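# Topology and contacts: notes
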Amino acid sequence: MSEAEDMVTEIEALGAQLAQAKASITNRFIGQERVVDLTLTALLCGGHGLLIGLPGLGKTRLVETVSTVMGLHGNRVQFTPDLMPADILGSEVLDTTPDGARAFRFIEGPIFCQLMMADEINRASPRTQSALLQAMQEKTVTVAGENRALGVPFHVLATQNPIEQEGTYPLPEAQLDRFLVQIDVAYPDRDTERDILLATTGDTDAEATEVFTADQLLAAQQLLRRMPVGDSVVEMILDLVRAFRPEEDGVSAQVRDTVAWGPGPRAAQALMLTVRARALLQGRLVPSAEDVLDMARPVLSHRMALNFAARARGDSLADLIDTTATNLTGAQAAA
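Residues numbered from 1 in each chain as written. Predicted model: local features only at pLDDT ≥ 70, side-chain atom pairs only at ≥ 80, totals over all residues. Heavy atoms only, no water.

Taken together, the side chains of Asp-189, Asp-191, Glu-193 and Asp-195 define an acidic patch exposed on the protein surface. Mapped onto the elements, Glu-193 comes out in helix H8 (residues 190–200). (Patch = residues over 30% accessible without salt bridge, like charges linked within 9 Å, V, L, I, M, F, W, Y side chains within 5 Å. Areas by Shrake-Rupley, 256 points an atom, 1.4 Å probe, with all protein chains shown as cover. Salt bridge = Lys/Arg side-chain N within 4 Å of Asp/Glu carboxyl O. Lys, Arg positive; Asp, Glu negative; His and termini not counted. Charge placed at Lys NZ, Arg CZ, Asp CG, Glu CD. Helix = DSSP H or I, 4+ residues; strand = E, 2+ residues; numbered from the N terminus.)

Right, let's get into the pattern of salt bridges. Opposite charge on two side chains lets them pair, provided their charged atoms get close. Enumeration over the complete set of coordinates arrives at 18 salt bridges. Put simply, Asp-291 and Arg-284 hold a salt bridge, and the shortest N to O gap is 2.6 Å. Beyond isolated ion pairs, a larger network of salt bridges with shared partners links Arg-34, Arg-278, Arg-284, Glu-290, Asp-291 and Asp-294.

Another point: the nonpolar core. Ranked by size, the top nonpolar core spans 72 residues in total, and within it Met-70, Leu-240 and Leu-300 carry the most contacts. Ranked by the residues each element gives to this core, the list is headed by helix H12 (residues 265–281), at 10 residues. Every residue in contact with Leu-240, bar those within four places of it in the chain, is listed here: Leu-271, Val-292, Ala-296, Leu-300, Ala-325 and Leu-328. Phe-112, Ala-131, Met-136 and Phe-179 belong to the second largest nonpolar core, which has 28 residues in total. (Core = buried A, V, L, I, M, F, W, Y, C linked by side-chain atoms within 4.5 Å. Buried < 20%, exposed > 50% of the residue type's maximum accessible area, 1.4 Å probe, protein only. Contact = heavy atoms within 4.5 Å.)

In this description, an aromatic ring pair is defined by two values, namely the gap between the centres and the angle between the planes. Within the structure shown, the criterion is met by one aromatic pair. When the ring of Phe-106 is compared with that of Phe-112, the centres are 5.8 Å apart and the planes differ by 70°; the resulting orientation is edge-to-face. Phe-112 gets classed as buried once you look at its relative accessible area, which sits at 12%. In this structure, Arg-148 is placed above the aromatic ring of Phe-106, and the distance from its NZ or CZ to the ring centre is 3.9 Å. (Phe/Tyr/Trp six-rings, centres within 6.5 Å; stacked < 30°, edge-to-face > 60°. Lys NZ or Arg CZ within 6 Å of the ring centre and 35° of its normal.)

With that out of the way, let us pick up the side chain of Asn-161. The topology assignment puts Asn-161 in the loop between strand E8 (155–160) and helix H7 (173–176). We classify Asn-161 as buried; its relative accessible area is 7%. In this view, Asn-161 contacts Gly-53, Leu-54, Pro-55 and Asn-122; residues no more than four positions away in its chain are not counted.

Strands sit in the order E2-E5-E8-E1-E9 across an open sheet of five strands; the sheet is parallel. The sheet is open, and its two edges are formed by strand E2 (74–78) and strand E9 (181–185), each paired on a single side. Along the sheet, successive strands turn relative to each other by an average axial angle of 20°, direction set aside. (Pairing = 2+ DSSP bridges. Axes fitted to C-alpha atoms, helices over the stretch in contact; angles between N-to-C directions.)

When you line up the elements, Gly-250 lands in the loop between helix H10 (231–242) and helix H11 (253–258). Separated by 62 residues in sequence, Gly-250 and Pro-188 have C-alpha atoms that sit 40 Å apart.

What follows deals with the packing of helix H2 (residues 33–44) against helix H13 (residues 289–300). One can describe the packing of H2 onto H13 by two numbers: an axis separation of 12 Å at closest approach and a directional angle of 75°. Looking at the two axes, H2 sits roughly perpendicular to H13. Contacts between H2 and H13 involve Arg-34, Leu-38 and Thr-41 from the first element and Asp-294, Met-295 and Pro-298 from the second. When the residues that make up the contact of H2 with H13 are grouped by side-chain class, the tally is three nonpolar, one polar and two charged. (Parallel < 35°, antiparallel > 145°, perpendicular 65-115°, else oblique. Nonpolar A, V, L, I, M, F, W, Y, C, P; charged D, E, K, R; others polar.)

Here we take up the pairing of E8. In terms of burial, E8 is largely enclosed, as six of its six residues are buried. The alternating pattern of E8 places His-155, Leu-157 and Thr-159 and Val-156, Ala-158 and Gln-160 on opposite faces, both of which are buried. Strand direction decides the pairing type here: strand E1 (residues 49–53) and E8, joined by four bridges, are parallel. Residue pairing in the sheet places Ile-52 in a bridge with Gln-160 of E8. In this sheet, E8 lies alongside strand E5 (residues 115–119) in parallel orientation, the contact comprising four bridges. Opposite Met-116, over in E8, you have Val-156 as the bridge partner.

Further remarks concern unusual backbone geometry. Cis geometry marks the peptide bond from Val-152 to Pro-153; its omega dihedral reads -5°. In this structure, Pro-153 sits in the loop between strand E7 (146–149) and E8. Despite not being glycine, Glu-120 shows a phi value in the positive range, around 50°. By the secondary structure assignment, Glu-120 is in the loop between E5 and helix H5 (126–129). The class of Glu-120 is partly exposed, set by a relative accessible area of 23%.

Limitation: the analysis is restricted to geometry and does not speak to function.
This is the structure:
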């Protein structure tokens, strides 16, 4: 069997396993298929996800369920204004042995896991938020001058309330850029909410079952990076990212007039990975232009910002991304 045939077989098997994982997750986290897909996308790409939604929409339940289904050791940290970096990373304590000798011993913090839930991440101070920067990028932390490796794999799923801003510290752009995707958790529709009501107010609660192991997830991440991507999709990703940089030659007047700063190269890397993950989740062997369009908003919306005049007019960043991406696709199709 050729290498290409081997890859096709592996992708098909992974697609079936992912379908089983989605079914297990939605058994507890009812509906919201888009949210589940984006969360699995973040894990398949080896990245992190920022879940933004109002209280009571099931964000915590989702992360707990994903941890079980994907076979990952998870920890949850409730971010509060008095949380200190050592509360996340861990610290050294001075131990005294029975013979009177003294030595420092490192006590690991909750970040030493495979899936960390940072609940209400914007409630902690910037000093504490920055404790995650090295961990999210390099998968290690430095404590007392020593680099310590985190779990393998290591992912952060952070939650944020979009309306309650009193007593919060907005995440800096450098940290936002480290989240692979922004996952907007909206209200469920009426039928979904009815299903939730009936499923969660009885005397039993649905249970999730483990579908993946950590090693299988790592193998899936490696397989995803081996998936081929056509030149047309690569060029579309580059065109899309560069189309939102107001200082770039040839950008639209709308972007130049409304965008304060645009996405960097990490956005293109994220799109390159997420379009592959979307194809995998839909059982396809290669990504398409439709995947780029679908992933544009989750990948770009937290990596760019509107200027003051655009915010004062009430312009929507999501609408700008959708419009620009659609126009770009139309122009490429016409060419």
